[in-house]
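# Report on the structure
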Amino acid sequence: MTVSRAVSSSRSPRSSPPAERPSKNAIAELLTEARERTLLLISGLSDEDLHSQHDPLMSPIIWDVGHIAHFEELWLTQNLDGPIEFSEMPGMYNPFEHPRAERASLTLPTLQEMLKRLSEIRIRVLDCLDKLKWNDENPLLEGGYVYNMVLQHEYQHNETILQTLQLKKGEPYRAPRAITFPRRPISPGGSVRFDGGRVTIGTNDRTTAYDNERPAHELELPAFLIDRNPVTNGRFVDFISDNGYGREELWSPPGRRWLAESRAVAPKYWTRDGDGWITRVMDITRPVDATRPVCHVCYYEAEAFAKWDGKRLPSEFEWEAAASWDASTGVARRFPWGNSNADARIANVDQLAFDTAPVGTYTNVSPIGCYGMVGDVWEWTSSDFNSYPGFESFPYKEYSEEFFGSEYKVLRGGSWATRPGAIRNTFRNWDYPIRRQIFSGFRCAQDA
Ligand SMILES: [Fe+2]
């Protein structure tokens, strides 16, 4: 395994410049747009669909919606003069008072009642925004941070809702598809080399980035190879056909325990169909497409595949360097393609494709030539979710700090279900290594 180590340096780490604070009008438009998307995703769902618990891992969708609204109320009306306790959130929607599996037993409002609540809160939020005096001394307001945080929170819950909708009981979710992929996938395979050296990881941005992405710091990375593309379904079928799930030596001890308990023989949502496999994406069931990235695999499956392929998973630092580090300028890019924001024309993000795209469809590449690092599937890395040197919890400990440790693995890069405002090269997602309901895949790396 490649070891990376933090180095102290008198030079300040060089990452891309922070985004500027949006105007009040722009913020109001972003809040409106975020809400329109949430409502689009749940349009067409019955009150029963919204209130039932489709899986023990997930909240009833109406809970997510109420939680989005009350998080917004807490931070954009009550907390603007300095944060009060997270526990001030109404008990019903406080995630720390009610674990997911319990949320269906709460008396949650009907959709009509919820819509009223949403607009009532939004009116007060916009009123506060209107009267707000920007004060860069208040770290919540610096660079418009608190608004970006609340927007990202709604975006992230959209992705959670999509996980629930893929798990939906009864009739499959009718996805309101509105994005089609560009036609000619260009898909160079193989791997590319990262020459190693000193790179900047993380960011000092205080306008958008979460506390766990800060501070920017330098690392010395040994040279490594990394796959140009995420691992495809086709390669994953090869792994299955080669008895990948049956070969003990490919699985780590916790991986073997998971395998024994889950009895998995393929990614989640795959079923046998004669000699082949079919899969379901929301309301479409079709043969597994060999050219798309494998999705809905847990960390242990990714780890076993990599071993079978004579490779390993990249660390999150290798992943970030492969996505961001521009050796010609010595500056980290905010996105693989540069510093311009993500959108659905440049990467498979923003949900409305409701699917992964064949690898190489989007021709934006990172400085060293990796494709699809942002969008399509979250990519498992070998890293535990830990704090960066000099980490400071902000604005509340329950965002990141409570989760640091070896229980969680870091995923990078966002998925098709990620909104563009909730992804960048430095963004760190984390989850239990057994989770498969997330839109998760991976790419492999090797020591050089
Ligand atoms: Fe939340």
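Above: the structure in question.
Everything in this summary refers to the structure shown in the same document. (Residues numbered from 1 in each chain as written. Predicted model: local features only at pLDDT ≥ 70, side-chain atom pairs only at ≥ 80, totals over all residues. Heavy atoms only, no water.)

Moving on to the overall build of the chain. Helix and strand counts for the chain come out as nine helices and 15 strands. The globule rule puts the C-alpha radius of gyration for 448 residues at 22 Å, and the 21 Å found for the chain is close to it. Oriented by its inertia axes, the alpha-carbon framework of the chain measures out at about 60 × 60 × 40 Å. For the chain, buried positions account for 57% of its 448 residues. (Helix = DSSP H or I, 4+ residues; strand = E, 2+ residues; numbered from the N terminus. Rg over C-alpha atoms; globule rule 2.2 N^0.38 Å. Buried < 20%, exposed > 50% of the residue type's maximum accessible area, 1.4 Å probe, protein only.)

This part takes up the sheet that holds strand β15 (residues 445-447). Taking strand neighbours across the sheet as the criterion, the three strands line up as β2-β5-β15 in an open arrangement whose pairing is antiparallel. Of all strands in the sheet, those with a lone pairing partner are β2 (191-194) and β15, marking the two edges. When the angles between neighbouring strand axes are averaged without regard to direction, this sheet yields 25°. Pairing between β2 and strand β5 (residues 224-227): four bridges, direction antiparallel. Note on β5: the bridge partner recorded for R193 is L225. (Pairing = 2+ DSSP bridges. Axes fitted to C-alpha atoms, helices over the stretch in contact; angles between N-to-C directions.)

Here the structure, examined in full by the defined rule, presents 36 salt bridges. The salt bridge involving R35 is made with E154; its shortest N-O contact spans 2.9 Å. With R35 in helix α1 (residues 24-42) and E154 in helix α5 (residues 145-166), this pair connects stretches of sequence that are 119 residues apart. One salt bridge in this structure joins D238 and R235, with 3.3 Å as the shortest N-O distance. Highlighted residues: D238 and R235, both in helix α6 (residues 233-241), separated by three residues, approximately one helical turn. For D238, a relative accessible area of 35% translates into the label partly exposed. For R235, a relative accessible area of 33% gives the class partly exposed. Among the charged side chains, a salt-bridge network with shared partners connects D227, R235, D238, D309 and K311. (Salt bridge = Lys/Arg side-chain N within 4 Å of Asp/Glu carboxyl O.)

Looking at the iron ion, the protein donor atoms are H67 (NE2), H153 (NE2) and H157 (NE2), and they sit 2.2 to 2.3 Å from it. All donors to the iron ion come from one chain, and their sequence spacing reads H-x85-H-x3-H. In this pair, H153 and H157 both sit in helix α5, four residues apart, roughly one turn of the helix. Across the pair, H157 and H153 agree in class, each one buried. (Donors = N, O, S within 2.8 Å, 3.2 Å for Na, K, Ca; no water.)

Covalent bonding between the sulfur atoms of two cysteines is what defines a disulfide. This model, assessed by the stated rule, comprises zero disulfides. C298 provides the cysteine sulfur closest to C295, a residue in no disulfide bond, and the two sulfurs are 13 Å apart. Taking relative accessible area as the criterion, C298 reaches 0% and is therefore assigned buried. (Disulfide = S-S within 2.5 Å.)

Right, let's talk about helix α8 (residues 299-308) for a bit. Among the ten residues of α8, eight are classified as buried, and the element is accordingly described as predominantly covered. Three or more residues of α8 are buried, namely Y299, Y300, E301, A302, A304, F305, A306 and W308. Residues of α8 that are buried make contact with α6, α7 (253-262), β11 (378-385) and β12 (405-412). (Contact = heavy atoms within 4.5 Å.)

All right, on to the environment of G310 then. Within the element layout of this structure, G310 appears in the loop between α8 and α9 (316-324). When the C-alpha positions of G310 and I186 are compared, they lie 25 Å apart, and in sequence the two are 124 residues distant.

This paragraph deals with the environment of S23. Mapping S23 onto the fold places it in the loop between β1 (5-6) and α1. Between the C-alpha atoms of S23 and I61, which are 38 residues apart in sequence, the distance is 32 Å. Reaching out from S23, the side chain makes a polar contact with the backbone nitrogen of A26 at a distance of 3.0 Å. (Polar contact = N/O pair within 3.5 Å; in protein donor to acceptor, adjacent residues only side chain to side chain.)

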